[in-house]
Structures are given as C-alpha cells and as structure tokens.
Amino acid sequence: MSIPLHSKLRRMLRSSINYFLIKLSKKKLNIENIPSDKINRILIVRINYRIGNIIFLTPLINALAKKMPHAKIDILIGAKFIAPILEPMNNVNVVYDTPRSLLKNPFKLINKVKEINSNNYDLLISPVISSGSANISTMLINAQFKLGFYCEKTWGAANITIPYPDKTAHEALIPLALMKAFKSEHEYLSHLLDINLSKNERARGENYLESLLEKHNINKHAENTVIGVFRDARHDKKIEDGWWQPFLEQLLIKNPHYILVDILPPNINEVIHSKGLPVSFDNLRELGCFMSSLDFFICADTGPMHLASASYTPVIALFNATSEDKYGPLGEYDRVVNVLHKPLELVINEVHNNIQEFNNKKSENYKMLI
C-alpha cells in the first residue's frame, strides 16, 4: 500500500524538526530514582487514536497502581471513544481526549493545557519516543518529574530518562520498562493486558450473552463453545469476507456445537455467516464485558483482539501482515495462527485444535476441583 504524499511530507518535516532539536539540546541519559511515596498525581501522555495502542498502556497503569496505590492516575489520549475502556481501571481518575481538531486550534489547545496544568501533577509519563504531540505535551504540561525514554537519535522533553528497551519485542511491554525509574524494580510486574473488569461487569457480560441466546432460541449446553468473531481490521491486516465465509462454514462442520457470535464493527451491518448471531456495542468497555462471557474470540490483528485479551477471553489471532512478536495477544491461553500463504484447511485445523486443547484443559481442571 503506497504512502500518501501528505503523510510523506509530514514525516519529513517531523524528522527535520527532530534533527534540529537534537542538535540544539545537549540531551543526555538522566536516570534517577523517583520517590514513589511523594507521588500523588500522575499524568500518562499517549496521544494516539488506535484502540490497541491505548490498551497497551494497561500493564503500565496496573504497575503504577500496584506501586503507588495512593496515587491518582490521569491519562491523556487521542480519541474520546476509547476513554471508557480505561476510566473504570484501578486508580484511574480522569481520561482526557485530544481530538485532531484540537491540535489544529492553538487557542483551544492552550485552554486544554491550562485545564490539565491546574491538576498540579507530581509525575508526567511519556511512554513512547518519536511522538511530536507527546513531546510537545511533555514540554507544556507542568510536573516535577517528567519520565520518558532516552534515545540518542530522538529528541524528548523528559527530565528523567530510561534507556529505550531495544530488546523488548512487544509494543505493550515497552512502556512497562519505565518502572525502572522507581526503587524496588525487582517487584513482579504483570505482562498481561488487563482492563480490570469487575465481578459486576463480568456478570453483566454473562447477561448480555444469555439475552442474545434467548433471542435466537438457543439453549447453551455443556458441549457448546461460544466463539466471538470480528472480521474487520485496518489496511493490509484485514482478511476479506470471501476468506471468512468458507473458514467459518468448515469450522462448523468440524464441530456443530460451536456457536458463532458475529461482533459487528460500526461500518458493517450484515453477519458473515447465516448461523452467526449479530451483536454490536457503541461503548468499548461494554464490549469488553460481553467478550469476557465468550469461550473464544477469533479475529485478525486489530484493536478488539487486544480488548478481548485484556478481558481474559482466550484469543485466536489470525495474522497475515504484522509481527506477532510485536503485536500479538499476550494472554496465557491466547494463540496466533499465521494465515499468510497457508491453505485454508491447515488454518481450520490449527484453530480447531487450539479450541479443543483449551477445552480439554478446562475439563481436566474442573475434574481436579471436584
């Protein structure tokens, strides 16, 4: 897929500004232990508009909540529709959004900065490098400690910097490396995505599923496996409907007890398979609640994949363009199946075997409990 001219020009401009700032500033590594007992207000700056990239913050958010249970965490993101995912998380106070239109309006931007600065943050965290909006925000927002990554070839506005973790493959685990700025870095930090669904939220997800099955006159039995399907994705990560249709048809032949739930994205209204039960959610947190009631979730490399994993639903991710080491699901029972240049029959067998393997493990654990 060719890159639009305006994107190329924007990248060239960003690269030139970055080069100029590096030459102008004498940037150096500045590692310092941040006194966690004196940190009461935290702001995480991640101005991004993708669901997955925002969910990648959850290991860092959970680590901060564990390290400083007394501290309130605010988060500055890009798109408002993603905010509900993070707002109920442990220690999260306010999630600010930054519409693209705001970045183009200096007066509104100044007012937003004033509003945020009124919170008197003790710590600002910028968990990415080479983000112009993050660097500008870090520069404009007041905080005693400004924590970010040190990279020799990238300018940043943080006053405390940690070496960029070049050997860390997954994008969700890179922000977690910033916890090295605190003492007792040997403490166990979870590498899982987790949006902290409550018992009530999980129960609400079960109610959603029960209502959906009742609506379609389906009685769920012990031998049934409820599988959520999401077939949308961005650009070359998307797998066409012409592939999904025979895939699901043959998967149902493998096991007629599979119940398919077609989770519809905003731009799609029709189910991909005649036996698929359609469902859609405007609120992404509520979608996570519903996902937690599913036995499995199958999708391409997309934001809802990480939402399902962060809701602790076993994910089978179908990759065809991106690196699973950098972007794959991180759950204990999540699996990646590479579909690129692979016969459909082999993909179906891999998916079916993964489901059967997990169901067998659940059955064995149940027998141990009784």
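Basis of the calculations
Residues numbered from 1 in each chain as written. Predicted model: local features only at pLDDT ≥ 70, side-chain atom pairs only at ≥ 80, totals over all residues. Heavy atoms only, no water. Helix = DSSP H or I, 4+ residues; strand = E, 2+ residues; numbered from the N terminus. Buried < 20%, exposed > 50% of the residue type's maximum accessible area, 1.4 Å probe, protein only. Salt bridge = Lys/Arg side-chain N within 4 Å of Asp/Glu carboxyl O. Patch = residues over 30% accessible without salt bridge, like charges linked within 9 Å, V, L, I, M, F, W, Y side chains within 5 Å. Areas by Shrake-Rupley, 256 points an atom, 1.4 Å probe, with all protein chains shown as cover.

Focus: unusual backbone geometry
In step 1: Backbone geometry at asparagine 120 places phi at a positive 55°, although glycine is not the residue there.
In step 2: Considering the arrangement of structural elements, one finds asparagine 120 in the loop between helix 6 (106-117) and strand 4 (121-125).
In step 3: Residue classification places asparagine 120 among the exposed positions, given a relative accessible area of 60%.
In step 4: You will see that asparagine 217, though not glycine, has its phi angle at about 55°, which is positive.
In step 5: By secondary structure assignment, the location of asparagine 217 is in the loop between helix 8 (199-215) and strand 7 (225-230).
In step 6: Under the relative-accessibility criterion, asparagine 217 is labelled exposed at 72%.

Details of the pattern of salt bridges
In step 1: A full pass over the atoms with the stated rule returns nine salt bridges.
In step 2: The salt bridge involving arginine 204 is made with glutamate 286; its shortest N-O contact spans 2.8 Å. Of the two residues, arginine 204 sits in helix 8 while glutamate 286 sits in helix 10 (residues 284-291), which places them 82 residues apart along the sequence.
In step 3: A salt bridge links arginine 231 to aspartate 241; its shortest N-O distance comes to 3.6 Å. Residue arginine 231 is located in the loop between strand 7 and helix 9 (241-254), and its partner aspartate 241 is located in helix 9; the two are separated by ten residues in the primary sequence.
In step 4: The class of aspartate 241 is partly exposed, set by a relative accessible area of 29%.
In step 5: Counted as one network, the salt bridges with shared partners bring together Arg231, Asp241 and Asp262.

Structural notes on a nonpolar patch on the surface
In step 1: The grouping of Ile136, Met139 and Leu140 at the surface amounts to a nonpolar patch, some 270 Å² of accessible area in total.
In step 2: Tracing the backbone through its elements, the reader meets leucine 140 in helix 7 (residues 132-140).

What is shown is where atoms sit, not what they do.
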